[in-house]
Amino acid sequence: MAEKESKNGLAKESKKEAGKEEQPRETTVEFLASLAGVLVTGLFIITFVFQAFEIPSSSMENTLLIGDHVFVNRVQFSPQTHWVGPLLPYREIRRGDIVVFLSPAEPGLYVVKRIIGIPGDRLHLRDGAVYRNGQKLDEPYVQHSGGDYVPYRDNFPAVPPSEANTNVTPEWQLALPQHIQGDDLVVPPGGYFGMGDNRDVSLDSRYWGFIPQENVIGRPMIIYWSFETPPNQYLQTEVSQRLGFLAHVVIHFFDETRWRRTLKIVN
């Protein structure tokens, strides 16, 4: 009896081993196909959903610093499509959103600002404080440099742009009066009023006008890397200058990376 049970046990073990041997192994072609699928999916996400963007100026400090590298959600503010709409969180641009957009003043230049006014909003500044639809805004994210009082910048749009203020574009000087009603600037349909969080140094909608909806690229979501970068680095366009800074990054990657900002949510 024991011998019979032993034979049965050996038979079962043989079947198990045979079953293991019969399991198909992934071929080289199948592995490459799987790898290609992963790469194509990643490329699709990087190309159509997220875009890497580097903060070049101090206009959004301390929310975003020079040298912050962020992933921008390019889909959230796009026109909703029927085939992919249920899968992605589309929504309208809201007050307080930080957005990346193509500058209306300098073609090809990417800019990042916070949305202060949406279509229909009535805006004005008094002594640097923003009033929207008659209410003074509570803006804990705003930084003031404490510099000299600038009438046009701090009491907008009550003080008209003057020849002394060279930062105001000629196009905006002409268009600005058309959007003023009483003491307020009224945001038109299809446009947004954006300002930098570093309010006293930000060249924003006060200087070049409204952000056209079609210029909006997306919303910064997360800081994936932050490196201490000189304020004028984005102006260094020569190959030797870029290579020099790249070498600096390689040498000082660990001691000049702002590790505390890594994977920080942008809001």
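The rules behind each value
Residues numbered from 1 in each chain as written. Predicted model: local features only at pLDDT ≥ 70, side-chain atom pairs only at ≥ 80, totals over all residues. Heavy atoms only, no water. Helix = DSSP H or I, 4+ residues; strand = E, 2+ residues; numbered from the N terminus. Buried < 20%, exposed > 50% of the residue type's maximum accessible area, 1.4 Å probe, protein only. Contact = heavy atoms within 4.5 Å. Areas by Shrake-Rupley, 256 points an atom, 1.4 Å probe, with all protein chains shown as cover. Salt bridge = Lys/Arg side-chain N within 4 Å of Asp/Glu carboxyl O.

Trainee: Could you clarify how one ought to interpret the overall build of the chain in this entry?
Mentor: Helices and strands together make up the secondary structure of the chain, namely seven helices and 13 strands. Looking at the chain as a whole, 39% of its 267 residues qualify as buried. Partitioning the intrachain contacts of the chain with sequence separation of at least 6 by distance along the chain shows that 65% fall at a separation of at least 24. For the chain, the accessible area works out to roughly 16500 Å², and carbon and sulfur atoms hold 58% of it.

Trainee: What is the right way to look at the pattern of salt bridges in this model?
Mentor: Once their charged atoms are close, side chains differing in charge can pair, the charge on each being opposite to the other. Tallied over the entire structure, the rule returns 10 salt bridges. Across the pair Arg 261 and Asp 68 runs a salt bridge, and its minimum N-O distance is 2.7 Å. In this pair, Arg 261 is assigned in the loop between helix 7 (253-256) and strand 13 (264-265) and Asp 68 in strand 2 (residues 68-73), connecting sequence segments 193 residues apart. The exposure class of Arg 261 is buried, given its relative accessible area of 10%. Assessed through its relative accessible area of 0%, Asp 68 is described here as buried. Connected through salt bridges with shared partners, the residues Asp 68, Arg 258 and Arg 261 form a single ionic network.

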